[in-house]
Amino acid sequence: MASVLPAVGARESEPVSPRRGDTGKSSRPIRRFAWYTPWLFLAPFLLFFGLFVAFPSVFGVWISLHNYDYNFPVQPWVGLQNYIDLFTPGTRDFDGWWQSLGNTGLFVLISVVPLVVLPLLVALALNRKFRGRTVYRAIFFAPYVLSVSVIGLLWRYLLDAQFGPVNAILKALGLPAVSWLQTQPGAWVSILVATVWWTLGFNTIVFLAGLQNIPADQYEAAALDGANSRQVFRFITLPGLRTVTALIIVLTVLASANLFGQPYIMTLGGPSNSTRTAIMYIAESGLTQSRMGVASAMGYLLGIILVVVSMINFWLTSGRGRKDS
């Protein structure tokens, strides 16, 4: 049997010191970057953010405090007068501004429910397993990739009072033709239908992502407990989509409040300015009438209103506005 004892005269084992450069890791030294290296990577973003976001925001405030007309070299300082005039009855913009703001609020009210409920129903249908569901998802999302000008021209043609296919179908059925874009409530209905058809796919995709993030074991446990489809939807699906629903509501409110392209192309703000929105009035005041100071004041006022509305929406839809039971 071989002896396991050390040989005579052999020293006790000593820790072997590693050779120079043999540290068990890469011998390449860690390179230390200068303090400004991260800022070099951020520089392109900061440059574009400063040029196209930060500077225009600050410059817009400066414009709103002046009687700014880019056709003249001198821009008189008026302070807060542009803002005060928007709240003073009898001024040039009081009636038109608040009418357009009311029109915007009306569209927000009539558009939020269908733009939340319909995508949710479509998402629930497309979340089931059936043959060709990927194709159907693409079909519902396809209109969203079109530009607002294409959407406006398309629906203006479809709803044309004389040559539109919609009225042609009504005549074929023995029904009278409808002046969809020249009368109310047909004008608002037309804009709403065009907007829902255009943007339904985006909200559907967001709801689909939220549905796929709900754990499947919750549905399995509900099935074992004998829960019906209505109970599953109420106690599992809706709570699981609370954050997604809050996001969609806020995005829908912001998008509807910035309505411009559809009424501008389809109705030109008519009839009798009943579909002229706040953005349309701002663009008309600033670009057509060269009153950039007043237009900037309107823009910032609209922005403040949207911030407040968004905060209220988040507070109500996130569950924080409810008391714990």
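Our structure's up above, just so we're on the same page.
For clarity, every value in this text was computed on a predicted model and none was experimentally measured. (Residues numbered from 1 in each chain as written. Predicted model: local features only at pLDDT ≥ 70, side-chain atom pairs only at ≥ 80, totals over all residues. Heavy atoms only, no water.)

1. Let's talk about the packing of helix H7 (residues 186-212) against helix H10 (residues 242-257)
For the pair H7 and H10, the least separation of the axes is 10 Å and the interaxial angle reads 165 degrees. In terms of orientation, H7 and H10 fall into the roughly antiparallel class. Regarding H7 and H10, the two cross each other, and that crossing is right-handed. For the pair H7 and H10, the contacting residues are Phe202, Asn203, Val206, Phe207 and Gly210 in the first and Val244, Thr245, Ile248, Leu251 and Thr252 in the second. Grouping the constituent residues of the contact of H7 with H10 by class yields 6 nonpolar, 4 polar and no charged. (Axes fitted to C-alpha atoms, helices over the stretch in contact; angles between N-to-C directions. Helix = DSSP H or I, 4+ residues; strand = E, 2+ residues; numbered from the N terminus. Parallel < 35°, antiparallel > 145°, perpendicular 65-115°, else oblique. Left-handed = near helix turned anticlockwise from the far one by under 90°. Contact = heavy atoms within 4.5 Å. Nonpolar A, V, L, I, M, F, W, Y, C, P; charged D, E, K, R; others polar.)

2. Remarks on the nonpolar core
Formed by 43 residues in total, the largest nonpolar core has its most connected members in Trp97, Phe207, Met298 and Leu302. The set of elements that each furnish at least two residues to this core consists of helix H2 (81-86), helix H3 (94-126), H7, helix H9 (229-240), H10, helix H12 (278-288) and helix H13 (292-317). Broken down by element, this core gets its largest block of residues, 11 residues, from H3. In this view, leucine 302 contacts Trp97, Leu101, Ala278, Ile279 and Ile282; residues no more than four positions away in its chain are not counted. Core analysis: the second largest hydrophobic core is formed by 7 residues, Trp155, Leu181, Ala194 and Met266 among them. (Core = buried A, V, L, I, M, F, W, Y, C linked by side-chain atoms within 4.5 Å. Buried < 20%, exposed > 50% of the residue type's maximum accessible area, 1.4 Å probe, protein only.)

3. Details of the pattern of salt bridges
Between side chains of opposite charge, a pair can form as their charged atoms come close. Taken as a whole and judged by the stated rule, the model has 2 salt bridges. Across the pair aspartate 93 and arginine 291 runs a salt bridge, and its minimum N-O distance is 2.7 Å. With aspartate 93 in the loop between H2 and H3 and arginine 291 in the loop between H12 and H13, this pair connects stretches of sequence that are 198 residues apart. There is no split in this pair, since aspartate 93 and arginine 291 are both buried. (Salt bridge = Lys/Arg side-chain N within 4 Å of Asp/Glu carboxyl O.)

Coordinates in, geometry out; function isn't part of it.
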